[in-house]
Amino acid sequence: MYWDEREETVEQARLQETQMEGLRETLRRAQGSSYYRDLFKDRRLQIDDIRKLADIEMLPLTTKDDLREHWPWGFVAVAREELIRMHSSSGTTGRATVIFHTANDIKAWTHLVARSMYMTGMRRGDVFQNMMTYGLFTGGLGFHYGAEEIGALVIPAGAGNSKRQIQLICDFGTTFIHIIPSYALYLSTVFDEMHVDPRKDTKLKAAFIGAEPHSEKMRRTIEDLYGFKAYNSYGLSEMNGPGVAFECPCQNGLHIWEDQFLVEIIDPLTGKPLADGQEGELVMTTLKREGMPLIRYRTKDLTRIIPGPCDCGRTHRRIERIKGRTDDMMIIKGVNIFPIQIEKRLMEIPGVGTNFLVLLDREGYDDYMNVQVEVKREFFTGDLKQLEKLRRRIVEELKSDILITPRVDLVAPDSLPKTEGKAVRVIDNRKD
Ligand code: ADP
Ligand code: ZN
């Protein structure tokens, strides 16, 4: 049941002791980088001032912009020849950041990914098909190494090429897949076209879904379509990539691996720490990283710590599924809206297909939201009355949730642009 029982069920008090040791080590190692060395000097910070975990609040936060400004070497804390791997973020919100790893860093990361997958039931003998982009993106090699560590047979399929993905699943008896949730929905329509029923004609047991925000409703839809369990996997390249937080079989929050990361939740506006249970921005400090230690890194991801223990017996605390990034929030007519709210509503309406796109525009001084919604193939007939009824229903349902009245256009199945990576949900034309 556990990849390493001692590590996963360690008492919180003991865990905090190791965190303190890790934090001290990180502060010491960080002095090897020009960024932190200068920062500590400028602010007259002494490592010895940090005596308990709560003292971390005395240290400044590190942002994605800091990484960008000191790109590419400013955060590297070891000699260049110690580095054996480079990865980068996807660049969803601007210039991609780069992260460098030593051999020990790769080992530590692999350990976390193996621990995460094992937790959901993956074992030696399983066949793992990784449908993520390989290369600089961490979802490829990160999962690959973890699965090999467990001893599964890995099929490094990479992203896209849907028919071949399905062929591989069928030919080689794939049992576990790693897939982006928006792509999982689309792939189910290709299964249909190929007359393959993933529930009956494959050996699939479970999926790891992550890399982009998705609602509980979307997860359940994926589980129904495929007839398997879909486990939420959260990570970001700055904290290695996948294997930061992962769902256990209870599927009630994601265990965040506190032996390698120190976790805080802060108010994104004031930067003040928030108590367990309160929603805010996730801030993380690496505790074991050698190549590029990061202190109080602002992930921009919104979540909360779920108070209380988990039924699975693991003591590492849980975070709730990510609601979105602080910079994903749309402000329309003074109302704050996250794309995931729209996704959640749409998923509940029969007739809605697998993709949608939000366009924000301005007419005079007035902002408006246009939501383009793909319709299910069965619904996309010549029956205009039925389509209009569906369109109106979408307007009403969205309005009741997001409090403004969106314009809604129904579009043909498979007609909105698709990406091989993270789905693009919002195009904001108001900025020009
Ligand atoms: P980028 O930040 O440029 O997208 P990354 O590849 O490092 O590059 O992506 C990490 C980000 O992806 C996270 O900070 C988060 O916003 C998002 N993400 C990753 N996994 C999940 C998940 N399971 N749920 C929601 N968002 C996720
Ligand atoms: Zn659990």
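Everything below is about the structure printed above this text.
Criteria and thresholds
Residues numbered from 1 in each chain as written. Chains lettered and ligands numbered in written order. Predicted model: local features only at pLDDT ≥ 70, side-chain atom pairs only at ≥ 80, totals over all residues. Heavy atoms only, no water. Donors = N, O, S within 2.8 Å, 3.2 Å for Na, K, Ca; no water. Tetrahedral: all angles 85-135°; square planar, octahedral: opposite > 155°, others 65-115°. Helix = DSSP H or I, 4+ residues; strand = E, 2+ residues; numbered from the N terminus. Buried < 20%, exposed > 50% of the residue type's maximum accessible area, 1.4 Å probe, protein only. Phe/Tyr/Trp six-rings, centres within 6.5 Å; stacked < 30°, edge-to-face > 60°. Lys NZ or Arg CZ within 6 Å of the ring centre and 35° of its normal. Pairing = 2+ DSSP bridges. Axes fitted to C-alpha atoms, helices over the stretch in contact; angles between N-to-C directions. Parallel < 35°, antiparallel > 145°, perpendicular 65-115°, else oblique. Contact = heavy atoms within 4.5 Å. Core = buried A, V, L, I, M, F, W, Y, C linked by side-chain atoms within 4.5 Å. Nonpolar A, V, L, I, M, F, W, Y, C, P; charged D, E, K, R; others polar. Near = heavy atom within 4 Å. Polar contact = N/O pair within 3.5 Å; in protein donor to acceptor, adjacent residues only side chain to side chain. Areas by Shrake-Rupley, 256 points an atom, 1.4 Å probe, with all protein chains shown as cover. Salt bridge = Lys/Arg side-chain N within 4 Å of Asp/Glu carboxyl O.

Undergrad: Any chance you could explain the coordination of the zinc ion (ligand 2) here in plain terms?
TA: For a metal with four donors in a tetrahedral arrangement, the ideal angle between donors is 109.5 degrees, while six donors in an octahedron ideally sit at 90 or 180 degrees. Coordination sphere of the zinc ion (ligand 2), protein contribution only: Cys248 (SG), His255 (NE2), Cys310 (SG) and Cys312 (SG), at 2.1 to 2.3 Å. If you look at the zinc ion (ligand 2), its 4 donor atoms make angles of 100 to 116° with each other, and the shape they trace is tetrahedral. Donor residues for the zinc ion (ligand 2) sit on one chain with the sequence pattern C-x6-H-x54-C-x1-C. You can see Cys248 sitting in the loop between β8 (241–247) and β9 (254–256) and its partner Cys310 sitting in the loop between β13 (305–306) and β14 (318–319), a full 62 residues away along the chain. Accessibility expressed as a relative area gives 9% for Cys310, which makes it buried.

Undergrad: Looking at this model, I keep getting lost on the packing of aromatic side chains. Mind explaining?
TA: How two aromatic rings sit relative to each other is set out by the distance from centre to centre and by the angle between their planes. Counted by the stated rule, this structure contains 14 aromatic pairs. With a centroid separation of 6.1 Å and 25° between ring planes, the pair formed by Phe128 and Phe143 is classed as stacked. With Phe128 in strand β3 (residues 127–130) and Phe143 in helix α6 (residues 138–150), this residue pair connects regions lying 15 residues apart in the sequence. Note on Phe128: relative accessible area 0%, which makes it buried. The positively charged end of Arg123 is found above the aromatic ring belonging to Tyr118, 3.6 Å away from the centroid. Its guanidinium or amino end placed over the ring of Tyr186, Lys418 lies 4.4 Å from that ring's centre, counting from NZ or CZ.

Undergrad: I tried to follow the sheet that holds strand β15 (residues 324–325) on my own but got confused; where do I start?
TA: Within a sheet, adjacent strands bond to each other through the backbone by hydrogen bonds, running parallel or antiparallel. One open sheet holds the 4 strands; their spatial order is β10-β11-β12-β15, and the pairing between them is antiparallel. Every interior strand has two partners, whereas the edge strands, β10 (261–266) and β15, have only one. Two strands pair when backbone bridges link them, and strand β12 (residues 297–303) and β15 are joined in this way by 2 bridges, in the antiparallel orientation. Across the sheet, residue Leu302 finds its bridge partner in β15, namely Gly324.

Undergrad: Before we go on, may I ask you to explain the environment of Cys312 in this structure?
TA: Along the polypeptide, Cys312 turns up in the loop between β13 and β14. Cys312 gets classed as buried once you look at its relative accessible area, which sits at 7%. Sequence spacing of Cys312 and Met1 is 311 residues, and the spatial spacing of their C-alpha atoms is 9.4 Å.

Undergrad: Honestly, the packing of helix α5 (residues 103–119) against α6 in this entry has me stumped. Any pointers?
TA: Angle between the axes and distance between the axes: these two values describe a pair of packed helices. Remark: α5 packs on α6, axes separated minimally by 8 Å, with the N-to-C direction vectors making an angle of 70°. Taken together, the axes of α5 and α6 are roughly perpendicular relative to one another. Residues Ile106, Trp109, Thr110, Val113, Ala114, Met117 and Tyr118 of α5 touch α6, and the partners they reach there are Thr138, Gly142, Phe143, Tyr145, Gly146, Ala147, Glu149 and Ile150.

Undergrad: What is the right way to read the nonpolar core from this model?
TA: Most often, soluble globular proteins have nonpolar side chains that are buried together. With 65 residues, the main nonpolar core has Leu23, Tyr36, Met117, Met122, Phe128, Phe208 and Tyr234 as its most contacted residues. Sorting elements by how many residues they give to this core places α5 first, with 8 residues. Residue contacts for Leu23: discarding those within four places in its chain leaves Ile50, Leu53, Ile56, Leu262, Thr285 and Leu287. With 25 residues, the next largest nonpolar core counts Met131, Met132, Leu185 and Phe191 among its residues.

Undergrad: Looking at this structure, I do not really get the packing of helix α7 (residues 162–171) against helix α8 (residues 181–193). What am I missing?
TA: Relative to each other, α7 and α8 sit at 75°, their axes nearing to 10 Å. Judged on the interaxial angle alone, α8 and α7 are roughly perpendicular. Every residue of α8 that contacts α7 at Ser162, Lys163, Gln165, Ile166 and Ile169 is listed here: Tyr183, Tyr186, Leu187, Val190, Phe191 and Glu193. Classifying every residue of the contact of α7 with α8 gives 7 nonpolar, 2 polar and 2 charged.

Undergrad: Which parts of the structure should I look at to understand the sheet that holds β3?
TA: In spatial order, the strands read β4-β3-β5-β6-β7-β8-β9-β14-β13; together these 9 strands make up an open sheet with mixed pairing. At either end of the open sheet lies a strand with only one pairing partner, and these are β4 (153–155) and β13. In this sheet, β14 lies alongside β9 in antiparallel orientation, the contact comprising 2 bridges. Looking across to β14, one finds that Leu254 is bridged to Ile319. Against the sheet, α8 touches β5 (176–179) and β6 (206–210), its axis set at about 115° to β5. Docked against the sheet, helix α9 (residues 216–226) engages β6, β7 (229–236) and β8, running at close to 135° with respect to β7.

Undergrad: Just to check I follow, could you spell out the pairing of strand β19 (residues 366–375) for this structure?
TA: Remember that side chains alternate between the two faces of the sheet whenever the strand is regular. For β19, the tally of buried residues reaches 9 of 10 residues, placing the bulk of the element in the interior. Both strand β18 (residues 352–363) and β19 contribute to a ladder of 9 bridges, which runs antiparallel. Looking at the pairing, Asp361 lines up with Tyr368 of β19. Two strands pair when backbone bridges link them, and β19 and strand β20 (residues 407–411) are joined in this way by 5 bridges, in the parallel orientation. Its bridge partner being in β20, Glu374 is matched across the sheet by Val411.

Undergrad: Help me understand the site of ligand 1 in this model?
TA: The environment of ligand 1 is formed by 20 residues, the closest being Ser90, Thr92, Ser233, Asp301 and Arg325. Between ligand 1 and Ser90, the relevant distance is 2.7 Å, taken from an oxygen atom to a side-chain nitrogen or oxygen of the residue. In isolation ligand 1 exposes 560 Å². Once the protein is present, 97% of that is buried. In terms of residues, the shell around ligand 1 owes the most to one element, β7, which gives 5 residues.

Undergrad: Help me understand the pattern of salt bridges, please; the structure alone is not making it clear to me.
TA: It is possible for side chains of opposite charge to pair when their charged atoms get near one another. One pass over the full model with this rule turns up 36 salt bridges. Lys333 is the partner of Asp366 in a salt bridge, and the nearest nitrogen-oxygen pair spans 3.3 Å. In this pair, Asp366 is assigned in strand β19 and Lys333 in the loop between β16 (330–332) and β17 (335–337), connecting sequence segments 33 residues apart. A residue is classified by how much of its surface remains accessible, and Asp366, at 44% relative accessible area, is partly exposed. Owing to a relative accessible area of 47%, Lys333 belongs among the partly exposed residues under this scheme. The salt bridge involving Asp401 is made with Arg345; its shortest N-O contact spans 3.3 Å. In this pair, Asp401 is assigned in helix α11 (residues 384–402) and Arg345 in helix α10 (residues 339–347), connecting sequence segments 56 residues apart. In this structure, a network of salt bridges that share partners links the residues Glu216, Arg219, Arg220, Glu223, Glu247 and Arg321.

Function cannot be inferred from these measures alone, as they are strictly geometric.
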